[in-house]
Amino acid sequence: MGVSGCGKTSVGEGLSKSTGIRFIDGDALHPKANVDKMSAGNPLTDEDRWPWLEAIGREFAKSPEPLIIGCSALKRSYRDRIRHQAGAMVTFIHLTGTREVIGKRMQARKDHFMPPALLDSQFAALEPPTADEDSISIDIDQPLEAIIAQAAEHLSRSES
């Protein structure tokens, strides 16, 4: 989880390879209307997000095995909606970084529907996970392999 451009897909794919747990990019679960809205430079409203968050939770619920899904999950209410639909514990790996680091990453991306202009709205909406949520925050200003190793270590502790 985290703002756009923080590396959810790269970390999710790498974590999947290192753990053998299937990965789904949450962006693929967005309704077309959401993608069109963001592509036009307009931030999503909570009402836009609810069906998407519920779809993410349903993916967890229907999977007989552990599952990794990359999803912004910026607000506590969004994570609660995912957990409710999942009907089980969901561990959140919060990828954190400064506006500058993430902005540079977004500028370097090719062919992504989320324009860098929406990054400020993402930071404004962000409610980092609190102590009562199963989560870990990992600073993204380090090598990808280090981020994946920290995430995998946290997941192994959460499963025990």
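Here, the structure is the one placed above.
Below is a summary of the structure that appears in this document. (Residues numbered from 1 in each chain as written. Predicted model: local features only at pLDDT ≥ 70, side-chain atom pairs only at ≥ 80, totals over all residues. Heavy atoms only, no water.)

## Comments concerning the nonpolar core
And step 1. In terms of nonpolar packing, the biggest core is built from 36 residues, with Phe 60, Ile 82, Ile 93 and Leu 95 touching the most fellow members.
And step 2. Of the residues forming this core, the biggest block, five residues, is contributed by helix α3 (residues 46–62). (Core = buried A, V, L, I, M, F, W, Y, C linked by side-chain atoms within 4.5 Å. Buried < 20%, exposed > 50% of the residue type's maximum accessible area, 1.4 Å probe, protein only. Helix = DSSP H or I, 4+ residues; strand = E, 2+ residues; numbered from the N terminus.)

## Here we look at the side chain of His 94
And step 1. Checked against the element boundaries, His 94 lands in strand β3 (residues 92–96).
And step 2. Residue His 94 is classed as buried on the basis of its relative accessible area, which comes to 4%.
And step 3. A distance of 3.4 Å separates polar atoms of two side chains, one belonging to His 94 and the other to Ser 137.
And step 4. Beyond its immediate chain neighbours, meaning those up to four positions away, His 94 contacts Met 1, Gly 2, Leu 126, Pro 128, Pro 129, Ile 136, Ser 137 and Ile 138. (Polar contact = N/O pair within 3.5 Å; in protein donor to acceptor, adjacent residues only side chain to side chain. Contact = heavy atoms within 4.5 Å.)

## Considering the packing of aromatic side chains
And step 1. Counted by the stated rule, this structure contains one aromatic pair.
And step 2. Ring geometry for Trp 50 versus Tyr 78: centroids 5.6 Å apart, planes at 85°, classification edge-to-face. Pair noted here: Trp 50 is in helix α3 and Tyr 78 is in helix α4 (residues 76–86), with a separation of 28 residues, a long-range link. You'll find Trp 50 and Tyr 78 in the same group, each marked buried.
And step 3. Against the face of Trp 50 rests Arg 81, its NZ or CZ located 3.9 Å from the ring centre. (Phe/Tyr/Trp six-rings, centres within 6.5 Å; stacked < 30°, edge-to-face > 60°. Lys NZ or Arg CZ within 6 Å of the ring centre and 35° of its normal.)

## Notes on unusual backbone geometry
And step 1. In this structure, Ala 73 takes a positive phi of about 45° despite not being glycine.
And step 2. For Ala 73, the location among the structural elements is in the loop between β2 (67–70) and α4.
And step 3. Ala 73 gets classed as buried once you look at its relative accessible area, which sits at 1%.

## Things to note about the pattern of salt bridges
And step 1. Counted under the stated rule, the structure contains 14 salt bridges.
And step 2. As a salt-bridge pair, Glu 54 and Arg 81 come within 2.5 Å of each other at their nearest N and O atoms. One end of the pair, Glu 54, is in helix α3; the other, Arg 81, is in helix α4, with 27 residues separating them in the sequence.
And step 3. A relative accessible area of 22% places Glu 54 in the partly exposed class.
And step 4. A salt bridge links Glu 59 to Lys 62; the shortest N-O distance between them is 3.2 Å. Pair noted here: Glu 59 and Lys 62 are both in helix α3, with a separation of three residues, about one helical turn.
And step 5. Residue Lys 62 is classed as exposed on the basis of its relative accessible area, which comes to 60%.
And step 6. Within the structure, one salt-bridge network assembled from shared partners comprises Arg 76, Arg 79, Asp 80, Arg 83, Asp 132 and Glu 133. (Salt bridge = Lys/Arg side-chain N within 4 Å of Asp/Glu carboxyl O.)

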